[in-house]
Amino acid sequence: MRASKHILILGLAVLIVAGAAALPAQLIAQTGTEKSSSESPGSNAARWIVQVDKVDPGDVDLTSSFQIAIYENLLDELSKTKRFKHVFRDGDRGASEVPDLLILKTAVRTYTAGSETRRAVTTVSGATKLTVRSQLCTRDGQVVLERTVNGNVRFFGSNLRATHNLARNVAKAIQQAQLQQPGVPAPVQSGQL
Amino acid sequence: MNPTAIQSKYLADGYLCAFYLALGLLLLLIGCSTVFAQDASSPTTSPFSAHATHLLGFEGARGNAGGTLSIEGDVLHFQKPGKPVVGIKIASVRDVVLGEQSKQVGGLPMTLGTAAVPYGGGRVVSLFAHKKYDTVTLEYGDANGGFHGAIFQMNKGQGSTLRDQLAARGVHVTPNEVEPAKQSTAEVASESK
């Protein structure tokens, strides 16, 4: 009687240990499938090659340093997403021979000049705000993706940090969008981030 | 002992001492003049050299890195201490824009420190812990024709020196950029509708 009780306890312990070992493996498998399903929407975008055009300030009185900072940060952030085979700079002669090329056009819509000092002293005022319209176009001018994106600095950081936040948001918007395969006519996707 | 002989011996020793002293001073003077001559000749080999913070965009240099920005011959160099020199040909620079920026001194530790001061005392510290800097924005092209932009932050006055040095070498200079006044955000509201 006593021996069977021991066997029962031992069996239960083995079951608990086996269950504990199996659970993390199941969790890993679940996250793995979630990951693969979240990656699938834009995986075909890796076939495209993108060229980043210079920032168009439009009618907005945006300083040259801000335009350059947006442009350079966009190049950085788009490279980090790994959604494109290659990221070309504006004017790069290598892009002229590429067939599957998308051109990223960025036009500044609004800009509110902030002040780092005012942010530090008042906390609630002095924010730097940027809003741009980003368009991904094919070489023949067809718009594949269009987004209006914001980039702000409200509390900490220099004014130029707004350009970094903006570029990150643009890259995020492109990463989340479903881009059609090259050669297939795509409906225009528009929205705001 | 003849007192006259003793007196003349001391006199001869005194002259000898003064002679050696004068010789030593002369040698010291020659040594100093050689050192100063070397210092004076160094600017002719490097007409511009100043400490700068590379904010972004200079090919091969890390962002937000402090180092020395110098002009040597027809090349603009940037070197972070302990790192290899990176540079671009001055002929590839298409435009230079000088701007101005006010930043809090002390970086992130200072920001966190002022935030930790009780009774809002940090705001008062922030009000006086700001310094004005020159920002130099360079636009240049690479070997493939790709457009690049780089932004450097320098001590007040040094930015204009660099701009003048580059202008003397035939680089196009855009008049100083001025931070625009606060703009209306009405357009943002209409965009988001």
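Predicted model, so just to flag it, every value in this text is computed and none were measured. (Residues numbered from 1 in each chain as written. Chains lettered and ligands numbered in written order. Predicted model: local features only at pLDDT ≥ 70, side-chain atom pairs only at ≥ 80, totals over all residues.)

A look at the overall build of chain A
Counting its secondary structure elements, chain A contains four helices and six strands. Start at the N end of chain A and walk to the C end: the helices and strands fall as α-β-α-β-β-α-β-β-α-β. Across the 193 residues of chain A, 35% fall into the buried class. At a minimum sequence separation of 6, the contacts of chain A that also span at least 24 residues come to 69%. (Helix = DSSP H or I, 4+ residues; strand = E, 2+ residues; numbered from the N terminus. Buried ≥ 20, exposed ≤ 12 C-beta atoms within 10 Å, placed from the backbone. Contact = placed C-beta atoms within 7 Å.)

Remarks on the interface of chain A and chain B
Each partner contributes to the interface: chain A provides 30 residues, whereas chain B provides 35 residues. Contributions of two or more residues to the side of chain A that touches chain B are made by helix H2 (64-81), strand S3 (101-112) and helix H3 (116-122) of chain A. Sort the elements by how many residues they give to the side of chain A that touches chain B and H2 of chain A lands first, with six residues. Within the side of chain A that touches chain B, the residues separate by chemical class into nine nonpolar, 12 polar and nine charged. (Nonpolar A, V, L, I, M, F, W, Y, C, P; charged D, E, K, R; others polar.)

Some details on the sheet that holds strand S4 (residues 86-89) of chain B
Residue and element names in this part refer to chain B. Spatial ordering of the open sheet is given by S4-S3-S2-S1-S7-S6-S5-S8, a layout of eight strands whose pairing is mixed. The open sheet is flanked by S4 and strand S8 (173-174), the only strands paired with a single partner. Summarising the sheet, strand S3 (residues 75-79) and S4 pair through four bridges and their orientation is antiparallel. Across the sheet, the residue bridging to His77 is Gly87, located in S4. Sheet strands in contact with helix H4 (residues 158-168) are strand S1 (48-56), strand S2 (65-72), strand S5 (93-104), strand S6 (130-141), strand S7 (147-155) and S8, and its direction is about 20° off that of S6. (Pairing = 2+ DSSP bridges. Axes fitted to C-alpha atoms, helices over the stretch in contact; angles between N-to-C directions.)

Brief notes about the confidence of the model for chain B
Residue and element names in this part refer to chain B. Per-chain confidence: chain B averages 78 in pLDDT, with 68% of residues scoring 70 or above. Note that pLDDT drops below 50 for residues 32-45; the model gives that stretch zero contacts with residues more than four away or on any other chain. Ignoring residues within four places in sequence, the model shows residues 183-193, a span with pLDDT below 50, making 13 contacts including any to other chains. Our summary of model confidence lists the complex with pTM equal to 0.72 and ipTM equal to 0.73. (pLDDT = per-residue confidence, 0-100.)

So, unusual backbone geometry
For Lys82 of chain A, which is not glycine, the phi dihedral falls at a positive 60°. By the element assignment, Lys82 of chain A lies in the loop between H2 and strand S2 (87-88). Overall, the presence of 10 C-beta atoms within 10 Å leaves Lys82 of chain A in the exposed class. Even without being glycine, Asn64 of chain B reaches a positive phi, approximately 55°. Tracing the backbone shows Asn64 of chain B in the loop between S1 and S2.

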